[in-house]
Amino acid sequence: MVNKCKACNYSRMLYVRRGVKYFSEKKLYCTFHDKLLGAGDDCEAWQAQKIEYDLSSKRFDVVVDDIRALMKNLECIMRD
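To start, this report covers the structure provided alongside it.

Conventions and cut-offs
Residues numbered from 1 in each chain as written. Predicted model: local features only at pLDDT ≥ 70, side-chain atom pairs only at ≥ 80, totals over all residues. Heavy atoms only, no water. 1 Å grid on protein atoms, 1.4 Å probe; cavity = no way out; pocket = protein on both sides within 12 Å on 5 of 7 lines; lining within 4 Å. Points joined across faces, edges and corners; volume = space filled by probe spheres on them. Nonpolar A, V, L, I, M, F, W, Y, C, P; charged D, E, K, R; others polar. Pairing = 2+ DSSP bridges. Helix = DSSP H or I, 4+ residues; strand = E, 2+ residues; numbered from the N terminus. Axes fitted to C-alpha atoms, helices over the stretch in contact; angles between N-to-C directions.

### What to know about empty space enclosed by the protein
So, step 1. In this structure the tally under the stated criterion is 1 cavity of 30 Å³ or more.
So, step 2. If you add up the space inside the largest cavity, you get close to 40 Å³.
So, step 3. Contributing to the lining of the largest cavity are Cys5, Cys8, Tyr10, Ser11, Cys30, Phe32, His33, Leu37, Cys43 and Ala45.
So, step 4. By residue class, the composition of the lining of the largest cavity is 8 nonpolar, 2 polar and no charged.

Structural data, given as structure tokens:
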């Protein structure tokens, strides 16, 4: 079955910097074929997109440390 590259797990969006902002391009990058594609292109290597989550304890430890640092900075601001 042939499907569109826009919904493929191998496709990645391209972003271009213009000034200080980033904008998404209409072209996609295919990690399977290592080339640029249009959103309407299709191929036989299509795979459904997979959503992956990083719920490791290491990642949460970093977040907790960041929140502690923010709370410490906010306490200093509130005292002044």
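Once you've had a look at it, read on.
### Remarks on the sheet that holds strand E3 (residues 21–30)
So, step 1. Judged by pairing direction, the sheet is antiparallel, and its 3 strands sit side by side in the order E2-E3-E4 without closing on themselves. Across the chains shown, the open sheet's two edge strands, defined by having one partner strand only, are strand E2 (11–18) and strand E4 (35–38). Here the strands of the sheet are splayed against their neighbours by 55° on average, with no regard to which way each runs.
So, step 2. In the sheet, E2 pairs with E3 via 7 bridges, with the strands oriented antiparallel. Considered in E3, the bridge of Val16 is made with Phe23.

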